[in-house]
Amino acid sequence: MQVSSLNEVKIYSLSCGKSLPEWLSDRKKRALQKKDVDVRRRIELIQDFEMPTVCTTIKVSKDGQYILATVVTFEILSDDYSKIVFLHNDRYIEFHSQSGFYYKTRIPKFGRDFSYHYPSCDLYFVGASSEVYRLNLEQGRYLNPLQTDAAENNVCDINSMHGLFATGTIEGRVECWDPRTRRRVGVLDCALSSVTADSEISSLPTISALKFHGALTMAVGTSTGQVLLYDLRSDKPLLVKDHQYGLPIKSVHFQDSLDLVLSADSRIIKMWNKNSGKIFTSLEPEHDLNDVCLYPNSGMLLTANETPKMGIYYIPVLGPAPRWCSFLDNLTEELEENPESTVYDDYKFVTKKDLENLGLTHLIGSPFLRAYMHGFFMDIRLYHKVKLMVNPFAYEEYRKDRIRQKIEETRAQRVQLKKLPKVNKELALKLIEEEEEKQKSTWKKKVKSLPNILTDDRFKVMFENPDFQVDEESEEFRLLNPLVSKISEKRKKKLRLLEQQELREKEEEEELEGKPSDAESSESSDDEKDWVDEVRKQRRLLRQEEKAQRQERLREDRQTVLQPQFYEIKAGEEFRSFRDSAAKQRLMNKTLEDRLKLEAKNGTLSVSDTTVGSKQLTFTLKRSEQQKKQQEAEKLHRQERKKLRRSAGHLRSRHRRGRPFH
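Since we're looking at a predicted model, the values are computed, not measured.

## Comments concerning the overall build of the chain
Counting secondary structure elements, the chain contains 14 helices and 32 strands. Burial analysis of the chain (662 residues in total) assigns 34% to the buried set. Across the chain, every contact between residues at least 6 apart in sequence was considered, and the portion connecting residues at least 24 apart equals 46%. With the model as given, the accessible surface of the chain reaches about 45600 Å², and the carbon-plus-sulfur share is 50%.

Rendered as structure tokens:
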């Protein structure tokens, strides 16, 4: 017995393992069982569970007492094996009773599948024809066939709840018929719905499997490896599950207790949730599959393979063991104590993109790849060989990665220096030191610490943008931070150590080798001066710098030869001496009191006392020469007008005699 596990679901294979010849004595069998673990764990659940030839269909009777397998297909009409109908590959149909062969007849075309309609006792046969042949078992004769729009029909099924008949065609459609009226009630284009954005097809998908579940659910399998789950009230599938192998779906079944759908192709059996489509587990038999059958009300799975030997698998989570082999539950509990390695321990999971990069897309569907979820499993040895051929320098990259990991491990043992930003390194180092001191104090006093500027996004530009670089040579900085010169010497030493450390790390990464440095930086503890002395020193240094700058400017002025410059006076303006501007400059340099006295002396200002005891100042604004000329011209104009003005007294009216006008 072999045990495999996927997604924490254990599957026990009861049909594989070494078998012992019947002619061996009991003593030799016991000796082999002591030596060989596989022989000791072998369980012969059903003796000689194999057929003379390869079988394509396997089923279990409704009472769970009989297992049957045939070449084409068959249908069990009773609860046991007393009434069975067989479809042969030579167009013959055989009816068997409990005693054996009962009757034989033929259909016009080669058949591929058939279903039994219990209410009307009709057998519906589909095959290499567009017609669906009906054979009534009560009357014992053929009825008028159903004419479909397909050239050929592959599979069929009848819903046990309401009797709807469905047939799958080679054109990728499913036609649904009502047996009561013998009319088509709907058509589903499954070929178009099975093609998704991720699927690649080389031919038109045909219908290869069909199964009803309940009154409204139907599962359809295609020849390109997709399973479509339909609600009969909609023409769009609820789910589309791809097996990733591109092989025809052989069989589809439903498991009610866990809401699972079991779909099988010739390579794999997948069990997935019918609501979400999530993979529950999967099973890959030793040989290619032809058909799968679920044992009723249990966790047993039967398979018909491409070999005469049948397959028996037990999955405890799907249900209990059948009554005739209930001891399997105790055996599985004993095997839990000695678990074996899972099937996929020696395999590498690869996606379709990985296969394209390795140039192995042509292996899809071959025994070298096992489809699983969104990718495939392949032998780890084959994967390493192909990767070495595609990338011959893979070993060098692996070696460099290992060396880099070793270097990182050695770095962890060194004295860890801080990672500083590119801008304002000294300020960042100062903040880090202050933060460490705060942490020590808060650890002692158990006080909540404040957020740090280095970790605040609002100030991150100050350590990234060079425009925010602090100028430590400016006068403002040196006067506001008089002790920064001494303290910055220690930080500069730390910065030099950090730069040397980063340089060593870069060299180690480039050369991929190096030795850990255990040297520790020793800081000199110089005595710091008092605040006043340091301020005086800074001021003295600033005066010396200003004096040196003045001397430099004087030296430049002496070396500079001034060239005369000429300016043109605009028309209508007079040239004023530079003395006026000099006098004005001298006046501006005087105090306000002196300027008021001078203005009062010139007559442009008068000071007087008011009745309330305050002072009143009256200013006479100065006029420019142009304003004075304009005022003189206006004065002359007024005088000339006054001379020319004549009196208008003679224009006054005289009193007339006569009757007044009313």
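Once the structure has been displayed, the description carries forward.
## Quick notes on the pattern of salt bridges
Under the counting rule described, the total for this entry stands at ten salt bridges. A salt bridge links D149 to R184; its shortest N-O distance comes to 3.1 Å. Of this pair, D149 sits in the loop between strand 12 (141-147) and strand 13 (153-158) while R184 sits in strand 16 (residues 183-189), and the two are 35 residues apart along the sequence. Using a relative accessible area of 59% as the deciding quantity, one classes D149 as exposed. In this structure, R381 engages D379 in a salt bridge whose closest nitrogen and oxygen atoms are separated by 3.1 Å. Take R381: its relative accessible area is 61%, and that puts it in the exposed class. Among the charged side chains, a salt-bridge network with shared partners connects D149, E175 and R184.

## Some details on unusual backbone geometry
The phi angle at Q244 is positive, at roughly 70 degrees, despite the residue not being glycine. As for its placement among the helices and strands, Q244 is situated in the loop between strand 20 (239-242) and strand 21 (251-255). One non-glycine residue with positive phi stands out, namely N297, at about 55 degrees. Within the secondary structure layout, N297 lies in the loop between strand 25 (289-294) and strand 26 (300-305). When its relative accessible area of 76% is taken as the criterion, N297 is described as exposed.

## Description of the pairing of strand 9 (residues 111-117)
Within strand 9, six of the seven residues are buried, leaving the element largely enclosed by the surrounding structure. Alignment of strand 9 against strand 10 (residues 122-127), held across six bridges, turns out to be antiparallel. Each bridged residue has a counterpart across the sheet, and for H117 the counterpart in strand 10 is D122. Linkage of strand 9 to strand 10, two consecutive antiparallel strands, is achieved through a turn of four residues, within which C121 is found at a positive phi near 60 degrees.

## Here we look at the sheet that holds strand 7 (residues 92-97)
On the basis of which strands lie adjacent, the open sheet formed by four strands has the order 5-6-7-8 and antiparallel pairing. At either margin of the open sheet sits one strand with a lone partner, and together these are strand 5 (73-76) and strand 8 (100-106). The mean angle between the axes of side-by-side strands here comes to 20 degrees, regardless of whether they run parallel or antiparallel. Sheet topology places strand 7 next to strand 8; six bridges connect them, and they run antiparallel. Of the residues in strand 8, the one forming a bridge with E94 is K104.

Rules used in this analysis
Residues numbered from 1 in each chain as written. Predicted model: local features only at pLDDT ≥ 70, side-chain atom pairs only at ≥ 80, totals over all residues. Heavy atoms only, no water. Helix = DSSP H or I, 4+ residues; strand = E, 2+ residues; numbered from the N terminus. Buried < 20%, exposed > 50% of the residue type's maximum accessible area, 1.4 Å probe, protein only. Contact = heavy atoms within 4.5 Å. Areas by Shrake-Rupley, 256 points an atom, 1.4 Å probe, with all protein chains shown as cover. Salt bridge = Lys/Arg side-chain N within 4 Å of Asp/Glu carboxyl O. Pairing = 2+ DSSP bridges. Axes fitted to C-alpha atoms, helices over the stretch in contact; angles between N-to-C directions.

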